[in-house]
Every structure is written in structure tokens, then in C-alpha cells.
Amino acid sequence: MPARLKTYRAVANLLGALDALGWRVGYRYGDRQLLEGVILPSLAADVGAGHVLLVGCAWYTRDYPEFFTRARVSTLDVDPAKSPFGSRRHVVADMTALERHFAPASLDAVVCNGVLGWGLDSPGDIDTAFASTVACLRPGGQLLLGWNDIPPYNAVPPDAVTALEALHPDTIPGLDQHSVIALERNQHCYQAFRKPEARS
Ligand SMILES: C[S@@+](CC[C@H](N)C(=O)[O-])C[C@H]1O[C@@H](n2cnc3c(N)ncnc32)[C@H](O)[C@@H]1O
């Protein structure tokens with residue numbers, strides 16, 4: 001087993017044991033509090049028993065699937081070593097290959113936080129990844145995008161992503177605005193989008 005995977009598996013087991021004791025370890029910064037305290041619970045209520053995809057896994061997102069008590073939750077990360085932090089339905093894949101793993105119009109929501117500019121970097125890959133996201137979202141499905149509007153993470157900001165033009169700006173779950181800077185220090189922004197309903 002690769003060393004990083006072994007280490008992350010041990011970390012996930014330890015954190016899981018602490019979680020079970022009620023001692024959750026995580027980030028306490030305002031951006032995480034907003035995400036974990038308001039946005040994800042509200043999105044979970046919206047999604048209900050639907051299918052949600054969380055892109056990008058880390059030790060501090062290990063329990064994010066638990067927000068979605070009724071939904072089917074898939075996770076996806078290009079780094080195989082992050083698998084221990086994924087859900088039971090975890091996919092090791094690049095976001096550019098989303099359509100190989102999820103059927104068209106099958107997802108009710110996609111949460112993509114800290115991936116744009118954090119490995120998903122080249123303009124071509126970014127456009128492919130979000131075009132695939134659009135294809136896999138059902139009409140009316142939601143995209144929650146989290147990104148950092150500071151160099152080097154904002155080389156391709158959402159405004160410059162052509163594929164996102166297929167989505168409408170939407171209000172962030174639990175808030176009444178399309179976009180929010182959740183942490184000034186690193187300009188961590190959340191932005192919400194919705195795929196247009198199909199015309200009858
Ligand atoms: C900074 S972490 C973000 C983790 C989490 N989503 C969050 O809320 O902070 C970035 C993660 O995105 C993954 N990642 C980067 N580029 C990716 C891509 N093109 N496809 C899938 N995952 C990617 C990395 O492997 C890493 O685990």
C-alpha cells in the first residue's frame with residue numbers, strides 16, 4: 001500500500017474514533033463554520049433523498065457526507081490517497097472525467113470547494129470539468145462552488161469559465177445571495193449556480 005494512503009487511512013481511523021466519541025476535530029475558521037453550519041445543512045434539505053456529489057476530499061471533510069442524511073452521497077478525488085476521507089461511494093477520478101462515472105442528468109447537486117485553482121488549474125481542464133458537471137446535473141440541479149480569489153488560486157476565476165455560462169446564478173443554500181466572501185484572509189468565496197429547468 002502506498003505510504004500516503006497508509007498514513008491517511010490511519011488519520012481517518014483516528015478521526016473516526018474521535019468523531020464517535022463526540023470530539024469532532026476540524027477547522028474553526030469562519031468559512032468552514034458557514035459551510036458546515038449553514039450551507040451544507042440547507043443544501044441537504046434541498047436535496048432530500050437525491051444524489052449529491054462532493055468533489056475533493058480532505059481530513060476535515062471526512063464527515064461532510066453525514067450532512068446529507070437522506071441523500072445518496074458520492075465523493076470524487078483524483079488523488080487515490082484521499083480515498084479514506086471519501087464516502088462509501090467514492091470515485092478516484094479526475095473531475096474532467098465526471099461523465100465516465102455519472103450518468104447524464106443524474107446528480108441533484110455538486111459541491112466543488114477548493115478544487116478550482118487547487119489542482120484543477122488549466123483553462124482547458126477547467127472548462128471540461130464544469131461542462132461535465134453541467135451534463136451530469138439534472139435540470140434544476142445545483143452547483144456550489146468554493147474558490148479563493150487570490151493568486152495563485154484565481155488564475156481562472158468562475159467568470160472566465162465558459163461552461164458555467166450554461167448555469168444560472170442562484171442563491172447560496174441558507175443565504176439570500178449568489179456569492180459571498182466567507183473568509184477575508186484568503187478570499188474564500190462561495191458561489192451558487194442552478195441548471196435551468198428543461199422546457200416542456
Ligand atoms: C484543497 S483540497 C479541497 C478539499 C475539500 N473539497 C474542501 O472542501 O476543502 C483539494 C482536493 O481536490 C483534489 N483535486 C484537485 N484537482 C482535482 C481534479 N482535477 N479532479 C478531482 N479532484 C481534484 C485534490 O486531490 C485535493 O484532495
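Counting residues in hydrophobic clusters, the biggest one holds 30 residues, and the most contacted among them are Leu76, Met95, Phe130 and Leu143. Among the elements of the structure, strand 1 (51–55), strand 4 (107–113), helix 3 (123–136), strand 5 (137–148) and strand 8 (188–194) are those that each provide at least two residues to this core. Ranked by the residues each element gives to this core, the list is headed by helix 3, at five residues. Sequence-distant contacts of phenylalanine 130, that is, excluding residues within four places in its chain, are made with Met95, Cys112, Leu116, Leu120, Leu143, Leu145, Val161, Ala163 and Leu164. Core analysis: the next-biggest nonpolar cluster, separate from the first, contains 21 residues, Val52, Leu54, Ala71 and Ala109 among them.

Here the focus is the environment of aspartate 108. Tracing the backbone shows aspartate 108 in strand 4. The spatial distance from the C-alpha of aspartate 108 to the C-alpha of aspartate 77 is 19 Å, given a sequence separation of 31 residues. Excluding residues within four positions of it along the chain, aspartate 108 makes contact with Val47, Gly50, His51, Leu137, Arg138, Gly141 and Gln142. At 2.8 Å, the side chain of aspartate 108 forms a polar contact with the backbone nitrogen of histidine 51.

Taken together, 20 residues lie near the ligand, and Arg32, Gly56, Asp77, Met95 and Asn113 sit nearest. For the ligand, an oxygen atom lies 2.7 Å from a polar atom in the side chain of arginine 32. With respect to the ligand, the backbone of cysteine 57 contributes an N or O atom lying 3.3 Å from an oxygen atom. According to the grid-proximity analysis, the pocket containing the ligand is the largest pocket. Across the shell around the ligand, the residue classes tally to ten nonpolar, five polar and five charged.

This brings us to the pairing of strand 8. On a regular strand, each side chain points to the face opposite its neighbour's, so the side chains alternate between the two faces of the sheet. Of all seven residues in strand 8, six are buried, a share of seventy percent or more. Inspection of the sheet shows strand 5 paired to strand 8 by seven bridges, in the antiparallel sense. The partner of leucine 144 across the bridge, within strand 8, is alanine 192. For strand 6 (residues 168–170) and strand 8, the ladder comprises three bridges, and the chain directions are antiparallel. When the bridges of strand 8 are listed, aspartate 170 appears paired with alanine 192. Inspection of the sheet shows strand 7 (residues 179–183) paired to strand 8 by four bridges, in the antiparallel sense. Along strand 8, the bridge assignment pairs leucine 183 with histidine 188.

What follows is about the side chain of glutamine 191. Note on placement: glutamine 191 falls in strand 8. Polar contacts involving the side chain of glutamine 191 include one to the side chain of tryptophan 147, which spans 2.8 Å. Here the side chain of glutamine 191 touches histidine 178 through a polar contact of 3.1 Å, side chain to side chain. Sequence-distant contacts of glutamine 191, defined by excluding residues within four places in its chain, comprise Leu143, Leu144, Leu145, Trp147, Pro158, Ile172, His178 and Ser179.

Reported here for the largest pocket is a volume of approximately 780 Å³. What lines the largest pocket is a set of 36 residues, among which Tyr60, Asn113, Gly114, Val115 and Trp118 lie closest to the centre. In terms of residue class, the lining of the largest pocket is built from 20 nonpolar, nine polar and seven charged. The space that makes up the second largest pocket amounts to roughly 470 Å³. Forming the walls of the second largest pocket are 19 residues, and the residues nearest its centre are Arg62, Pro65, Gly86, Ser87 and Arg88. For the lining of the second largest pocket, the elements supplying multiple residues, two or more each, are helix 1 (3–20) and strand 2 (72–77).

It is worth spelling out unusual backbone geometry at this point. Proline 152 follows proline 151 through a cis peptide bond whose omega is 0 degrees. By the element assignment, proline 152 lies in the loop between strand 5 and strand 6. Notably, alanine 105 is not glycine yet its phi reads approximately 55 degrees, a positive angle. Even without a glycine there, the phi angle at glutamine 187 is positive, about 50 degrees. Positionally, glutamine 187 belongs in the loop between strand 7 and strand 8. The class for glutamine 187 is buried, based on a relative accessible area of 18%.

Reading guide: rules and limits
Residues numbered from 1 in each chain as written. Predicted model: local features only at pLDDT ≥ 70, side-chain atom pairs only at ≥ 80, totals over all residues. Heavy atoms only, no water. Core = buried A, V, L, I, M, F, W, Y, C linked by side-chain atoms within 4.5 Å. Buried < 20%, exposed > 50% of the residue type's maximum accessible area, 1.4 Å probe, protein only. Helix = DSSP H or I, 4+ residues; strand = E, 2+ residues; numbered from the N terminus. Contact = heavy atoms within 4.5 Å. Polar contact = N/O pair within 3.5 Å; in protein donor to acceptor, adjacent residues only side chain to side chain. Near = heavy atom within 4 Å. 1 Å grid on protein atoms, 1.4 Å probe; cavity = no way out; pocket = protein on both sides within 12 Å on 5 of 7 lines; lining within 4 Å. Sits in = over half its atoms within 2 Å of the grid points. Nonpolar A, V, L, I, M, F, W, Y, C, P; charged D, E, K, R; others polar. Pairing = 2+ DSSP bridges. Points joined across faces, edges and corners; volume = space filled by probe spheres on them.

Keep in mind these numbers describe shape, not what the thing actually does.
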